[in-house]
Amino acid sequence: MAMRKLLLIALKDLRLIFRDRSALILMLAAPFILTIGMGAVTGRFSGRTSSGISEIPVTIVNQDNGQLGNALVEMFTSADLADLVEPVVLSDLDAAKILVDEDKSAAVIFIPEGFSTSIIPDPVTGRISDQIEIEFYSNPVRPTSTGILKTILDQFINQVEIARISGEVTVSQLLENGLINPSQAAAVGAAVGQEMSDVSIARSSITTNNITDSGEAVEFDILSYMAPGMALMFLMFTVAYGGRSLIVENRQSTLPRMLVSPTSSTLILGGKVFGIFLTAVAQLLILIGGTSLLFRLYWGDLLGMIVLVLAAAIGATGWGVLLAAVLKSPGQVATVGSAVMLIFGLLGGGFFDLSNLPKWVQFFSRITPNAWGLDGFSTLALGGTLKNILTPVAVLTGMGIVLFAISALWITRHGLSRK
Amino acid sequence: MPPILEVQNLVKKFGDLTAVKEISFDIKEGEIFSLLGPNGAGKTTTISMLSTLFIPTSGDALVCGHSVTREPMQVKRSIGVVPQEIALYEDLTALENLRFWGQMYGLSGKSLNQRVDEVLELIGLRDKARQRIKTYSGGMKRRVNIGVGLLHQPRLLFMDEPTVGIDPQSRRAILDSVKELNHHGMSVLYTTHYMEEAQELSDRVGIIDHGELIALGTQTELTRQVGETDTLILHIGENEDPQHLADELSKLKGVMKAEPTDHEIALVTSSAEELIAPVVTRADQLGIKVQTIDIREPNLEAVFLHLTGRALRD
């Protein structure tokens, strides 16, 4: 009986919000329109590229001229990346930096001398030189382009690292099994490392395509970043609206009427919270379904997406209930809710790539469900599955539980029907 | 038979303000009991405590034998509440509202459908049941508001000023439906500041003012408190000063109390007919034209005036 009443209250709220035209405009139409706008800005709908971003100008300064430095240059100049990047190879670092300063290049990738020998051991001595790192100079006015270039570079470095570790492991196994003697170790290690590196880079998925666990090729789509950003921003509107309904119900006397029915206040509060959660889930699923159909947007692994939608709705609902608990009038909730929606939208990475923003912004972004949700949706869109998004799912769920506990304590202290 | 409601020294304080001061009364099974008093007298606060919405500061009340402080859930199951405000969802239809509230009171399936149907018939809105509440007139909303309180067929119905702000026709329909419900055995606690409603409906009346129950009994018992007095109502012009005339008339022999309101003066007297001539003469001397004079037999208005020195509408 208790669960039936909880569901009854929640479904009633869901029905009411879907009969409110102005709420529907903000819940569903606004994120669609903004997503279309962002897609248009990035060229997603112009048909020029599959990703919406093309021919990113990048300057490579290769002073290494070793195997790895050359491999990195080859990768950026390969046919796979021809549509995405427009590389220029220079030998003068200062001249390259000027191109970035003049906004003629999105970034400079500087491969210092000795980079290859700092990773691949000398075949004779088995030694490696001191650690030398590739330097990346980003153009602050092109955050999305630099983010993509940085991702490509990071993947290259990861594969080199994999190859180096593989070489070490192979040599130690060969030594342990007596298949080689210690004097051959350096040469064998260098050969294996180089081969692994070559194979790894040759097989690189550093293109705009990612390979999912199922082996399906997934196209990187700029809308896969924009659409969740907008959906999550307007999710905050939905939960604030839902929280506001708790106060509105008190004002229109339906909450006191519920309280004099044979229903406990805990159950009523639970029903209201569940109603906010259901509305949030419905909003996200409609937006995901709509963008999939209209924009042919790929949201990634279905199971992962559903779990992430539930977790994002829990996290956001926590904020909505907190607003309703702390604030005193529907007007206050509407005003503060709108402000929270915009601040969380900005802070959560809905408009900018957070990796290009200062560390303190990145730190504060972590209080928003937007940032965690966007992490999860981006991971799924790039081919991740449920196991890759466990952290955002756990954080969002925990966030919702903690915020709801704080709200429940607050409401218990002040009374459900106090406003 | 034990009373269906037994109120024992009920007190409610909000900070320094005492809204209800140690009131005690009871309601017998099948009785209509009215709490009559002006706005702000403590009627709604009393109903809120009796319906378990407010926790009493002290005292208790037994509803169908259950304490409002110790057994609130049993109390809630026994009562129906019709609040003063329209406590309905404007974006839901009447049918959806009734179904929602019916389920909140534990109805389901066939019994829910049957009760919703019966209540729609009772409130006369079967034809418009699928219209949203926001399209209804004030009177229609009031009828649905009452219907919600009747869905689970409570033994005791609390009605808090159910006729406020509606047209005379809807008011008549509501008063008739209260009598009809009572005729079928439902006990009713009815609060109002309209003396006529209390007089028409009630078996017994409690008069409440400033949180205190100042009189309690049947209408006959209450009017007996006023004694063998009549009330003379003088209607004067809009530009006249009722206070000045009341002050002057209070000095006349036989006038027990003179109470001015907007364009009227109420004179409490033991001999109304004998007082008419001197009253008209004195008003004439003061240059005030008396337009009409009514003589009222003792009623609840007079009782309130007698007990508080103020008219009920003040």
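Residues numbered from 1 in each chain as written. Chains lettered and ligands numbered in written order. Predicted model: local features only at pLDDT ≥ 70, side-chain atom pairs only at ≥ 80, totals over all residues. Heavy atoms only, no water.

## Considering the overall build of chain B
Short version of the rule: Strands are runs of DSSP state E lasting at least 2 residues, helices are runs of H or I lasting at least 4, and numbering of each runs from the N terminus. When accessible area is computed with a 1.4 Å probe and restricted to protein chains, residues below 20% of their type maximum are described as buried, those above 50% as exposed, and intermediate ones as partly exposed. Contacts: residue pairs with any heavy atoms within 4.5 Å of one another. Only the protein chains shown count as covering a residue, and every accessible area follows the Shrake-Rupley method with a 1.4 Å probe.
Scanning chain B from N- to C-terminus turns up eleven helices and 14 strands. Per-residue burial for chain B yields a buried fraction of 54% across its 314 residues. Within chain B, residue pairs in contact and separated by at least 24 positions form 68% of the contacts whose partners lie at least 6 positions apart. Of the roughly 13900 Å² that chain B leaves accessible, carbon and sulfur atoms contribute 46%.

## Digging into the overall build of chain A
Scanning chain A for helices and strands turns up 14 helices and six strands. Looking at chain A as a whole, 52% of its 419 residues qualify as buried. Long-range pairs, those at least 24 residues apart, make up 77% of the contacts in chain A with a sequence separation of at least 6. Carbon and sulfur atoms form 62% of the exposed surface of chain A, whose accessible area is close to 19000 Å².

## Let's talk about the sheet that holds strand β4 (residues 58-63) of chain B
The strands making up a sheet are joined through hydrogen bonds of the backbone, oriented either antiparallel or parallel. Residue and element names in this part refer to chain B. The cut-off we apply is this: Between any two strands, pairing holds if DSSP finds at least two bridges. Comment: axis = line fitted to C-alpha atoms, over the contacting stretch for helices; angle = value between 0 and 180 degrees taken between N-to-C directions.
Strands sit in the order β2-β1-β4-β5 across an open sheet of four strands; the sheet is antiparallel. At either end of the open sheet lies a strand with only one pairing partner, and these are β2 (17-27) and β5 (66-67). Across seven bridges, the pairing between strand β1 (residues 5-14) and β2 is antiparallel. Paired with F14 across the bridge in β2 is L17. Of the strands in this sheet, β1, β2 and β4 are in contact with helix α1 (residues 43-50), which crosses β1 at around 115 degrees.

## Things to note about the packing of helix α8 (residues 219-226) of chain B against helix α11 (residues 300-308) of chain B
Residues and elements named next belong to chain B. Counted only if it meets this: Note that the term roughly parallel is reserved for angles under 35 degrees, roughly antiparallel for angles over 145, roughly perpendicular for angles of 65 to 115, and oblique for everything else. When the near helix sits turned anticlockwise from the far one by under a right angle, the crossing is termed left-handed; a clockwise turn instead gives a right-handed crossing. Each residue gets one label: Ala, Val, Leu, Ile, Met, Phe, Trp, Tyr, Cys and Pro are nonpolar, Asp, Glu, Lys and Arg are charged, and the others, such as Gly, are polar.
Where α8 contacts α11, the axes come no closer than 9 Å and their chain directions differ by 45 degrees. When the axes of α8 and α11 are compared, the pair comes out oblique. Between α8 and α11 lies a crossing whose hand is left-handed. Judged by residue contacts, Q219, L222, T223, Q225 and V226 of α8 engage L300, A302, V303, H306 and L307 from α11. Among the residues forming the contact of α8 with α11, the class breakdown is six nonpolar, four polar and no charged.

## Re the confidence of the model for chain A
Our working definition: Known as pLDDT, the predictor's per-residue confidence is scaled from 0 to 100.
Overall, the predicted model of chain A reaches an average pLDDT of 81, with 80% of residues at or above 70. Every residue in residues 199-218 of chain A scores below 50 in pLDDT, and together they form 40 contacts with partners more than four places removed in sequence or on other chains.

## Some thoughts on unusual backbone geometry
Residues and elements named next belong to chain A. In the Ramachandran plot, N65 falls in the positive-phi region, its phi being about 55 degrees despite a non-glycine side chain. Looking at the secondary structure, you find N65 in the loop between β1 (56-62) and α3 (67-76). In this structure, S253 takes a positive phi of about 70 degrees despite not being glycine. Mapped onto the fold, S253 is located in the loop between α7 (223-251) and α8 (254-259). Classification of S253 by relative accessible area gives buried; the value is 9%.

## Structural notes on the sheet that holds strand β6 (residues 79-82) of chain B
Residues and elements named next belong to chain B. Judged by pairing direction, the sheet is mixed, and its six strands sit side by side in the order β6-β7-β8-β3-β9-β10 without closing on themselves. Single-partner strands in this sheet number two, and they are β6 and β10 (212-217). Neighbour-to-neighbour, the strand axes of this sheet turn through a mean angle of 15 degrees, independent of strand direction. Each of β3 (32-36), β7 (156-160) and β8 (187-192) is contacted by helix α6 (residues 168-183), which is oriented at about 155 degrees to β8, the strand it contacts most.

## Comments concerning the pairing of β7(B)
Regular strands have side chains that alternate between both faces of the sheet. Residue and element names in this part refer to chain B. The test is simple: Seen with its strands pointing away from the viewer, a crossover is right-handed if its path from the first strand over the helix to the second goes clockwise.
With respect to burial, β7 is a largely interior element, five of its five residues being buried. Residue alternation in β7 divides its side chains into two sets, L156, F158 and D160 and L157 and M159, and both sets are buried. Across four bridges, β6 lies against β7 in parallel orientation. Bridge pairing in β7 places G80 opposite L157. Relative to β8, β7 is paired through five bridges, and the arrangement is parallel. Bridge pairing links L157 to V188 in β8. For the handedness criterion, the β-α-β arrangement of β7, α6 and β8 is classed as right-handed.

## Focus on the interface of chain B and chain A
Quick note on the threshold: By buried area we mean how much accessible surface two parts lose on assembly, using a 1.4 Å probe and totalling the loss over both. Any carboxyl oxygen of Asp or Glu that lies within 4 Å of a side-chain nitrogen of Lys or Arg is treated as forming a salt bridge with it. Each polar contact in these results corresponds to two N or O atoms within 3.5 Å; when the atoms are within protein, one needs to be able to donate a hydrogen and the other to accept it, and residues that are neighboring in sequence are counted only if both atoms are side-chain atoms.
Contacts between chain B and chain A engage 30 residues on the former and 22 residues on the latter. Counting the surface lost from both chain B and chain A, the interface buries some 2400 Å², and carbon and sulfur atoms represent 64% of this. Here chain B is connected to chain A by two salt bridges. The shortest N-O distance in the salt bridge between R19(A) and E96(B) comes to 2.7 Å. At the surface where chain B touches chain A, the tally comes to twelve residue pairs in polar contact (both at pLDDT 80 or more). Looking at the side of chain B that touches chain A, the elements with two or more residues in it are α2 (72-78), β6, α3 (94-104) and α5 (138-150) of chain B. The dominant element in the side of chain B that touches chain A, judged by the number of residues it contributes, is α3(B), at five residues. Of the residues that constitute the side of chain B that touches chain A, the class distribution is 16 nonpolar, eight polar and six charged.

## A word on the packing of aromatic side chains
The test is simple: Ring geometry is summarised as follows: Phe, Tyr and Trp rings, the Trp one being its six-membered ring, pair when their centres sit within 6.5 Å, and such pairs are stacked at plane angles under 30 degrees, edge-to-face over 60 and tilted between the two. Only Lys NZ and Arg CZ are tested; either one counts as a charge over a ring when it is within 6 Å of the ring centre and within 35 degrees of the ring normal.
All told, the structure shown has eleven aromatic pairs over all chains when counted by the stated rule. Seen in terms of ring centroids, F237(A) and Y241(A) are 6.0 Å apart; in terms of plane orientation they differ by 45 degrees. Their pairing is tilted. A residue pair is termed a helical-turn pair when its members lie 3 or 4 positions apart in one helix, as F237(A) and Y241(A) do in helix α7 at four residues. Ring geometry for W319(A) versus F344(A): centroids 5.0 Å apart, planes at 85 degrees, classification edge-to-face. Highlighted residues: W319(A) in helix α10 (residues 302-326) and F344(A) in helix α11 (residues 330-347), separated in sequence by 25 residues. Residue class for W319(A) comes out buried when judged on its relative accessible area of 18%. An aromatic cluster is built from Y89(B), F100(B) and W101(B), whose rings are joined through pairwise contacts. The ring of W372(A) carries the charged tip of R366(A) above its face, separated from the ring centre by 4.5 Å.

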